[in-house]
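Working through the structure, step by step
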Amino acid sequence: MRKYVIMGVQGSGKGTQAKLLADDFDIVHISVGDILRWNVQHHTKLGAQVRRIMAAGELVGDDLVESVVQERLNVHDWNYGFLVDGFPRNARQAEFFLESYDIDGVILLELADEEVTRRVLARRLCSQCGVDYNLLGHRPSTPDTCDVCGGKLVQREDDNPEALASRLRDYHAKTKPIIELFERKEFVATVDANRPIGEVQRDIRDQLDLPA
Ligand SMILES: [Zn+2]
């Protein structure tokens, strides 16, 4: 049984790295973001709650996230383990989580704020079909135009330097106490995320003693 937590700022490639681990080791990737999105798309009761919170311009609260993760873990379909992503949100949750689940390790993907900014500000989204682009890697063949439907590419409203700087400040303020707690109690694999996907993955496996 392998039980991990993965942490990293947006743009650090957390989802990609988590998927590679989950696929190869048959562990369940429990992504808070994915669960919330699924509920919004499928118009569940939880989805309606999340939609209301976001419509009011607020962030989904720590307690709600905690109950989502608890419920997901209570399904007990994780025969070979799990990889939690987007949780814990604060030191109290982290402490409780470590005690309840006997976590084997924490993966921390590190990426300098300047690189996060470079990556996030290069993101584009098709205004018609919603396909994601990134001007650093996945460029459209005609500038500002969607390859799939010909729609106009736009930036997300909150992908601007001011909003991003504020999200980064918030991320560092919130995660610092969690990481400090993990470092005291558990094994934290700190990984430089500013490298190609395969290299980052190899480093994670090295540090967690997982087979390459
Ligand atoms: Zn499109």
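A few points on the structure.

Rules behind the numbers
- Residues numbered from 1 in each chain as written.
- Predicted model: local features only at pLDDT ≥ 70, side-chain atom pairs only at ≥ 80, totals over all residues.
- Heavy atoms only, no water.
- Donors = N, O, S within 2.8 Å, 3.2 Å for Na, K, Ca; no water.
- Tetrahedral: all angles 85-135°; square planar, octahedral: opposite > 155°, others 65-115°.
- Helix = DSSP H or I, 4+ residues; strand = E, 2+ residues; numbered from the N terminus.
- Buried < 20%, exposed > 50% of the residue type's maximum accessible area, 1.4 Å probe, protein only.
- Pairing = 2+ DSSP bridges.
- Axes fitted to C-alpha atoms, helices over the stretch in contact; angles between N-to-C directions.
- Contact = heavy atoms within 4.5 Å.

Points about the coordination of the zinc ion
- The coordination sphere of the zinc ion, as far as protein atoms go, consists of Cys-126 (SG), Cys-129 (SG), Cys-146 (SG) and Cys-149 (SG), spread over 2.3 Å.
- The coordination sphere of the zinc ion comprises four donor atoms, whose angles at the metal cover 98 to 115°; the geometry is tetrahedral.
- If you list the donors of the zinc ion from N- to C-terminus, the spacing comes out as C-x2-C-x16-C-x2-C. Here Cys-126, found in strand 5 (residues 123–126), pairs with Cys-149, found in the loop between strand 6 (132–134) and strand 7 (153–154); they are 23 residues apart in sequence, far enough to count as distant.

Thoughts on the pairing of strand 1 (residues 2–8)
- Counting buried residues in strand 1 gives six out of seven residues, a clear majority hidden from the surface.
- Strand direction decides the pairing type here: strand 1 and strand 3 (residues 81–85), joined by five bridges, are parallel. Within strand 3, the residue paired with Ile-6 across the bridge is Asp-85.
- With five bridges connecting them, strand 1 and strand 4 (residues 105–110) associate as parallel partners. Looking at the pairing, Ile-6 lines up with Ile-107 of strand 4.

Points about the sheet that holds strand 8 (residues 188–192)
- Within the open sheet, the five strands sit side by side as 2-3-1-4-8. Their pairing is parallel. Looking along the sheet, the strands with just one partner apiece sit at the ends: strand 2 (28–31) and strand 8. Each neighbouring strand pair of the sheet contributes to a mean axis angle of 20°, computed without reference to strand direction.
- In this structure, strand 2 lies alongside strand 3, joined through four bridges in parallel fashion. Paired with Ser-31 across the two strands is Asp-85, which belongs to strand 3.
- In the packing of helix 2 (residues 32–41) onto the sheet, the strands contacted are strand 2 and strand 3, and the crossing angle to strand 2 comes to about 70°.

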